[in-house]
Structures are given as C-alpha cells and as structure tokens.
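Secondary and tertiary structure notes
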Amino acid sequence: MLLIDLNGKWQMKRVDEASWTEAVVPGSVYNDLLNAGKMKDPYFRDNEYEVLELSSYDYEYKRTFTVTKETLHHDMVLLRCEGLDTLCELFINGVNILNADNMHRTYEIDIKDKLNQGENVIHVIFRSPVEYGLKKDKELYLCSCADAVPGISHYRKAHSMSGWDWGPKLPDMGIWRNISICCFDLGRLEEVFITQTHSEGKVDLDIKVNINNWCGLPLALLVSVETPDGKLLEKKTVNDLSEQNINLSVENPKLWWPNNYGDQPLYKLTVILLNGTMEIDRDEKRIGLRTLYVDRHKDQWGESFYFVVNGKSIFSMGGNYIPEDNILARCSRDRSEQLIKSCVEANFNTIRVWGGGYYKEDYFYDLCDEYGLIVWQDHLYACGVYDFNDEFKENIRLETIDNVKRLRHHASLGLWSGNNELEYAWAYWGWGERFGEKLKNDYIKQFEEFLPPLNKELDPVTSYLVSSPSSTGYFDDPNNENIGDMHYWDVWHGRKPITEFRKFFPRFMSEFGLQSFPCLKTVETFTLPEDRNIFSYVMESHQKNGTGNEKILYYIGEHFKYPKDFDSLLFASQLIQAEGIRNGVEHWRRNRGRCMGAIYWQLNDIWPVASWSSIDYYGRWKAVHYAAKRFYAPVLVSACEEGTKVSLHGSNDTLHKKSCKLTWSLRNYMGEILQNAELDVELEELTAKEITSLDFTDVLNTKQKRRETYLEYQLLENGAVISGGTVLFVKAKHFTFIEPAISTDVLEEEDKYILEVYSKAYAKFVELDLKAADAIFGDNIFDLTPGTRKRVELKKTNLSKQLTLKEIKEQLTVRSLYNTFE
C-alpha cells in the first residue's frame, strides 16, 4: 500500500474574502486564524461571543500535490479523509468528488480517474454549521442542549463544540484529522476482528479477516502475535477466499487487568496480505488478553450492573471525560497522556467517554489500554431530539460501522452506550407532549431497534446499554436506582444537601457532581484584575450553568464561613465540591455488592471555566482530584456519622485479603486525646464491611463540646497508613478552629522532594501549592493533627518546570480552611 500524505501546509480563507492565509492540516479554521493573528483568543474574557460570529461564514482550504506516473498505475487510488468537520464539498482538480456531512466518519473516495500526472489541486469548502442548523430548525425544530447554538441535532458534529453548560459556543470547522491518498494493487484488507476464548492456562485467538481480492489470485495471509516478552506466534494461509478465520493459541497468557487489580500486558497482532513474498497490505493492533463484560442478573435489590474482568467483580471508580479543547488542533497524545496519568494517580479504573463529544483518536484508547482504564464509550447522541429519516439512518449506520470496527479490539473497551440522557429526557422531561409521537417513535426506532443490533453485529463481544441512564429500556423508569445505571442531580441542580447522596443505593452511579471554580492561576489566564468577582460579566461568561455561581455560594454557605477574599472563595468552592463527591463515593463503596460504580461528573474541562471538573483546562488538580486519590484508594476506611454516632467501614477492592489495623482517636482542637482505641481488621478481597460502631453521646453532651471535638481514624498495613480521615460533629463553619500555625520542612532526594508538614492545632483541608510553577503533590488538601508530621512526596517529574530546593522553599505556600475566613 502506497500512501501520499496530504497533511501539512495548506492555504485557507473565508469564502467571501480574496486573500489566502497559511494553514496547517490537521487543524481547524479557528486554529489557523489564531496562528495568523486574525482572531482574538476566544478563551480570554468575553471574546467567545465575538469569535462565535466567525462561524456564521463559509471557509475554504486548498493545496497542490504531485502525482507520479507510477501512482496512476496502481489498481486502486483512494482519497482517505479521516476527519472532515463537518459540512463540506471536496474537489479534486475542480471536480466535486464528495459532499460530506459527518465529522465522525472516515470517507474513502476513488479518485484515480480524477488525477493528473504532475500537479493536482485539492480544494475543500466548509459551510457554516451555525447557519445550517438555524435553517434546518426552521424547517423542523429539534430540541437540543439549551446552552448550545440551536439546530445541532440536524448534523453529525460533536455537539459540545456548539456550547454546553460547561463549554463555550465555538463551533469550529476544518480538516481535523489526517488526509491522505492510499494506493492498492491486487487486493486489500477490509476487516480484522479478533475474539478470545479463555481456558485454564491458554487463550485461543480467532482472527477473522475479510479481504477484498479483486485480482482473483490466491493471496497469502501471514498472521503473527508478538507476546509482551518478545516471543512470536505465526500462521500463514494461501487461498482466494474473501473471508478467512485464523486460529492461534497463546499458552500461559499474561492477562490484562484494570488499574490496581493487576498489570496491563499487551500483545502485538499483525495481519499481512501477500502476493507471494510481496506485501500488499497490513493491519496492526495491540490487544490485551482478558474477559470483560457487564454483569446483569436478578438479585435481592433488583438487577446487578457491574464490570467483570477475568471473572472478578470490579467496583468502577472514575470520571466522565469530555473533549479536552474546543479547538481540536490543540489536542495531542501527550496532553491526553498527562490527563490519563492523572486518572491513574487518583486510582481510577474506569473512564466514561461522554456522548456529546466525539470518538477519540486511536491514541486515547491505546493509553487506556496501557494504563488500565476500562472505557465506557457512549455513541454520540446527547440531550437532544433526532429525526430518524432515511438519510440520517444511513449516515449514522456508516458512522457506527467506522467507529465500532476501529475501537472494538481495545483491551480497555468495556461498554457501548447508545446515548446520553435521551431516554431519561423522553421519560421525565415531558418531551412526548412537547414534540409529538413521531419523534418519540423515532427514538424507539433509532436507539432500541436500529443501533443495538447493528452494534452487536459489529461487536458481539462488548456489552451494550441502550441509553445512559437506563433500566430496562423503552422509557421504563430509566433512572431506577435498582436496575441499570443512574444519574443523580438533586445535589447541585436541586440544591439538596451533600449528605443526600447517602439516601440512594444505585447499582451504578454514572453521573453526579458539584461545581467549583478553577484556582486563581487559571482564573488569571482569562481575566483582568477588575474581572475577579464571581458576579462580574467575565466570570459569569466563564460559567455556563445559569445560576451556577449562585449555587456554588449556596453550598459554600451551607458548610463554611463566608470567604474573606476572591482567592479564598475559589478555594472554598473546591473544598465543598470535594466534600460532596466524597460523601457519595464513600457511601456507595460501603455498599459494595449492591452499588458497583461511582463515575463522577466530570473529569476535565474543555476551556478555562467554572465547572464540575476535577482537573481544570490547564491540567491543574482541583481539591476533588486529590480527594479522589483517597476515596478511590483500593483499600479504604470511611466514616458514616450521624449526630454523635460514627460507624467505621472498610472497603477492599483488591484481589488479595488484607490484614490491617484500625486506629481511632477522639480529640479536641489542640489534638489532645479524649478517647482512643485500635483493633485488628481482616478485609476479604472485593468486599466491604462495617468494622466498628462508635457512640460518643455521653462524651459530646454539650454543643460546645461538639464544636471543639473531632474524630481521627486511620487504617494501617504493615505499620504504614493506607487510608484515613477525620470527622466533625458540627458543620465546619461552626467548629472552633484556631490558628494551626502550620510549618514545613523540605528535603531533596534524587528524584523527588520530601515535604514534612506539621501544626500546633487541628488543621482541616491543608493545601500545598507553588507560587509560580505547577505541581502534583503525592497528597494534598488533607487534615492535620497536631503532634504528627505529615510526609508528602513531590516527584520532580510532577513539576511544570525543574526547580532547585531553594526555589521550592521560596515558592511553597501553605493554607488551610482556617485561612479562608476572618
């Protein structure tokens, strides 16, 4: 196969303008205009609204390329477009060869008879998605996200590019993925599909290969599997069949496991199509040997819903992933790897790719394979109504084929889901009354009758869920906590207290969350000093959830004293977000078996904004991400307090029995012990249980005592603390905090810095930061008991820039909840 790369330098311009501008492909209109200095930074202040106007115009791209005589002698010459965003006409030498309307598809067009020997011209005209959507909505109104540009359900473009309740309205366009010319002779590989059969000490691989053999000659297939330790398994066949099944057996297989359950060994599978000894085509994939499915069986509570990997039940812990940037040209493998590494450091084992974005690049799923994150992949429909006409049906059929075939071999792929919140909306939001029976029936046709069997035909191995959330389908109480998955938003949207999470026992909680602001460093990137008030025009422009800033203040006020300044308010918002998510996750982990997943909304940001994310646009960890590292720890001790009573629980989400020691101490704010005890604890693998129940009613018999006393608890293994926390018996705003006088000592080792943190009084939510550089600390936003020295590691690789010991000491800042109020 010969490939002519058409990436690189192009020219672009607005259709109604004369002068051309240098462009880069893959890329986008916004990216090229930014690079040319013809567009303001859409993320700074309120520039978004001005930049949005640019998307009301049409744009065109062109370049020349050279074709040799030898190229034209190939049997087949195809133009391969891996990503056209979205509504465009494509021309080769002035001939219209493609009218594309789907960002999520790969297009291949036979162009052999359109090419000239020598110089050729490729020209692409992109039409405004904004104008198209507005026009189509006048013809037939289709509801979509209220925070998006209208009309997005009419065309197959990542919905969130047009705005969401955490993202700007910036519907970019352009050639966003690779574009090339591919040449073939005699035949080509059309499809490679691998299935696995596991038995004791062996995995049998069935490799189904579909071949387009137009020459009619016997062609050879060489299939090889390279093991993680470099051994090679091979098998070769020669025939003229269009479909072949090759079987290979892997003895003593090394199994792939999710993060914290085992390793992630990967096998390289190569399929080569040969004519004699001449290679015609090849396909390479990396696979992991594992069994992975969603268990759904009737039980005492309803119906189970959890991942099973290699026969072991997995409690899913992770976050919902959204696109990493509104300007897709800024995304990269390195950027995604940093994000996924942050997930793994916070003990994630699952990530949900939400349905309002796009199917990610191959490298994203490769990274999930490598780092051990189970991928829940939504198909790309979210919070909207769709007209399931014949043209749309064929368009999404081809889209589904492209992407399911591309992704199905990944070890990390655990679940396909038909859409995000569409069944929920038809069941609970009154859509049937608003939009009528035709569109309601279209939902049934598309998501119950069309997509599930199509997906199963393409990938009969991976589990499938018709919608998220969903119970039994067909609008039957889709958010039922006893069946399927659940989205819960009364905490936040309904302003319920954060302890409300404890009233629910979902089989799998796939969405829940609270908002917070990003840190001051991030806010400074999009504001001027005069903007730094959460109700300023600019700050409200970077808050897309209506009364979101008001809600953040509400939750802060429920738990903390009013912050003394802008920076303290940002910090306090992150603290209450962390406390809210912790309340939910720890409760569901205490109920392992009934509850088997907690995937919070949301992992990341698409731009700098107030949102539900745990990692902001620049990769900075918020308080909740540090908290996640603790509440997603494989072995966890958690507290459930009610008044002056506290029960302590152990959760063991490993494949090994744990022999631990639990210690607890009731202390006053000076750290003096009022009561304490320790006990040995045995935690069986993949279980949770109550360890002990404590009642301090007699000790904490006055309001004053309850305001001055806290409970500290720790779980130790081999003498080392592996989990712990503290409990207040009143809201934090009513606790008697005094100046904790926190001190730090910093030492340097070869690959890291060691920070020892200690205080003279109880300190809650101790934050470590650097004034200028960014850092990911080994632990952060922790509670500190006087008389103890907290040891925190800072790896040098987790610094945004290399710093000396002297510079670390100069830049280090420390604060706690006490420092947020006056």
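All of the points below concern the structure found in this document. (Residues numbered from 1 in each chain as written. Predicted model: local features only at pLDDT ≥ 70, side-chain atom pairs only at ≥ 80, totals over all residues. Heavy atoms only, no water.)

This part takes up the overall build of the chain. Of the regular secondary structure elements, the chain holds 16 helices and 45 strands. Whereas a compact globule of 822 residues would reach a radius of gyration of roughly 28 Å, the chain reaches 28 Å, a difference of no more than 12%. Each principal axis of the C-alpha atoms in the chain carries an extent, and together these give about 90 × 65 × 60 Å. Residues classed as buried in the chain amount to 60% of the 822 residues present. In the chain, the share of contacts with a sequence separation of at least 24, taken over all contacts with a separation of at least 6, comes to 70%. Carbon together with sulfur atoms contributes 47% to the accessible area of the chain, which is approximately 31300 Å² in total. (Helix = DSSP H or I, 4+ residues; strand = E, 2+ residues; numbered from the N terminus. Rg over C-alpha atoms; globule rule 2.2 N^0.38 Å. Buried < 20%, exposed > 50% of the residue type's maximum accessible area, 1.4 Å probe, protein only. Contact = heavy atoms within 4.5 Å. Areas by Shrake-Rupley, 256 points an atom, 1.4 Å probe, with all protein chains shown as cover.)

The interhelical angle for the contact between helix α13 (residues 566-590) and helix α14 (residues 623-631), taken along N-to-C directions, is 25°, at an axis separation of 8 Å. With respect to α14, the axis of α13 lies roughly parallel. For the pair α13 and α14, the sense of crossing is right-handed. Together, Gln 574, Leu 575, Gln 577, Ala 578, Ile 581, Arg 582, Val 585, Glu 586 and Arg 589 of α13 and Ala 623, Val 624, Ala 627 and Phe 631 of α14 make up the contact between the two elements. For the contact of α13 with α14, the class distribution of residues is 8 nonpolar, 2 polar and 3 charged. (Axes fitted to C-alpha atoms, helices over the stretch in contact; angles between N-to-C directions. Parallel < 35°, antiparallel > 145°, perpendicular 65-115°, else oblique. Left-handed = near helix turned anticlockwise from the far one by under 90°. Nonpolar A, V, L, I, M, F, W, Y, C, P; charged D, E, K, R; others polar.)

Another aspect to go through is the nonpolar core. In a soluble, globular protein the nonpolar side chains are often hidden away together inside. One finds Leu 79, Leu 84 and Leu 90 to be the most contacted residues of the largest nonpolar core, which totals 192 residues. Here this core gets 11 residues from one element, more than from any other, and that element is α13. Excluding its chain neighbours within four sequence positions, the residues that come into contact with Leu 84 are Leu 90, Leu 98, Ala 100, Asn 102, Met 103, Tyr 107, Phe 126, Gly 174, Ile 175 and Trp 176. By size, the runner-up hydrophobic cluster in this structure holds 23 residues, among which are Leu 219, Val 223, Val 225 and Ile 280. (Core = buried A, V, L, I, M, F, W, Y, C linked by side-chain atoms within 4.5 Å.)

Taking strand neighbours across the sheet as the criterion, the 3 strands line up as β20-β23-β24 in an open arrangement whose pairing is antiparallel. Only two strands of the sheet have a single neighbouring strand rather than two, namely β20 (292-295) and β24 (312-314). With direction set aside, neighbouring strand axes in the sheet form an average angle of 35°. Where β20 and strand β23 (residues 306-309) come together, 4 bridges link them in antiparallel fashion. What sits directly across from Tyr 293, in β23, is Val 308. (Pairing = 2+ DSSP bridges.)

On to the side chain of His 409, then. If you trace the backbone, His 409 turns up in the loop between α7 (390-407) and β28 (413-417). Given the relative accessible area of 17%, His 409 is considered buried. The residues contacting His 409, other than those within four sequence positions of it, are Ile 194, Lys 285, Arg 286 and Ile 287.

Scanning the entire structure with this criterion turns up 53 aromatic pairs. Ring centres 5.5 Å apart and planes at 50° place the aromatic pair Trp 376 and Phe 508 in the tilted group. Of the two residues, Trp 376 sits in strand β27 (residues 374-378) while Phe 508 sits in the loop between β30 (486-487) and β31 (509-511), which places them 132 residues apart along the sequence. Its relative accessible area of 0% is what places Phe 508 among the buried residues. Aromatic pair Tyr 381 and Phe 447: ring centres 5.2 Å apart, planes at 80°, arrangement edge-to-face. With Tyr 381 in the loop between β27 and α7 and Phe 447 in helix α9 (residues 431-458), the pair connects residues that are 66 residues apart, well separated along the chain. Phe 447 carries the same exposure label as Tyr 381, and that label is buried. The lysine or arginine in question, Arg 495, covers the ring of Tyr 554, its NZ or CZ lying 5.6 Å from the ring centre. The lysine or arginine in question, Lys 796, covers the ring of Tyr 753, its NZ or CZ lying 5.3 Å from the ring centre. (Phe/Tyr/Trp six-rings, centres within 6.5 Å; stacked < 30°, edge-to-face > 60°. Lys NZ or Arg CZ within 6 Å of the ring centre and 35° of its normal.)

With that out of the way, let us pick up the pattern of salt bridges. The tally for this structure, following the rule as stated, stands at 70 salt bridges. Measuring nitrogen to oxygen at the nearest pair gives 3.5 Å for the salt bridge that ties Arg 80 to Glu 82. For Glu 82, a relative accessible area of 24% gives the class partly exposed. Here Arg 286 makes a salt bridge to Glu 370, at a shortest N to O gap of 2.7 Å. Separated by 84 residues along the polypeptide, Arg 286 in strand β19 (residues 278-287) and Glu 370 in helix α6 (residues 362-371) bring together distant segments of the chain. On the accessibility criterion, Glu 370 (27% relative accessible area) is partly exposed. Salt bridges here are not isolated pairs; linked through shared partners, they connect Glu 749, Asp 751, Lys 752, Arg 791 and Glu 793. (Salt bridge = Lys/Arg side-chain N within 4 Å of Asp/Glu carboxyl O.)

Because an α-helix packs 3.6 residues into every turn, residues spaced three or four apart end up facing the same way. Along α6, the positions that sit buried rather than exposed are Tyr 363, Phe 364, Tyr 365, Leu 367, Cys 368 and Asp 369. Of the surrounding secondary structure, the elements contacted by the buried residues of α6 are β19, β25 (316-321), α5 (333-345), β26 (350-353), β27 and α7. Trailing α6 by a residue or two, Gly 372 shows a phi angle of about 85°, which is positive.

A few words on the sheet that holds strand β43 (residues 782-784). As summarised here, the arrangement of the 3 strands in space is β43-β42-β45, forming an open sheet in which the pairing is antiparallel. The strands lining the two open edges of the sheet, one partner per strand, are β43 and β45 (812-815). Each strand axis lies, on average, 40° off the axis of its neighbour in the sheet, ignoring direction. This element, α13, spans β42 (763-770) and β45 of the sheet and lies at about 120° to β42.

The next point concerns the packing of α5 against α6. Packed helices, taken two at a time, are described by the angle their axes make and the gap between the axes. Closest axis-to-axis distance for the α5/α6 pair is 10 Å, and the angle between their directions is 30°. Here α5 lies roughly parallel to α6, going by the angle between them. In this structure, the crossing between α5 and α6 has a hand that is right-handed. For the pair α5 and α6, the contacting residues are Arg 333, Ser 336, Glu 337, Ile 340, Lys 341 and Val 344 in the first and Tyr 363, Phe 364, Leu 367, Cys 368, Glu 370 and Tyr 371 in the second. By residue class, the composition of the contact of α5 with α6 is 7 nonpolar, 1 polar and 4 charged.

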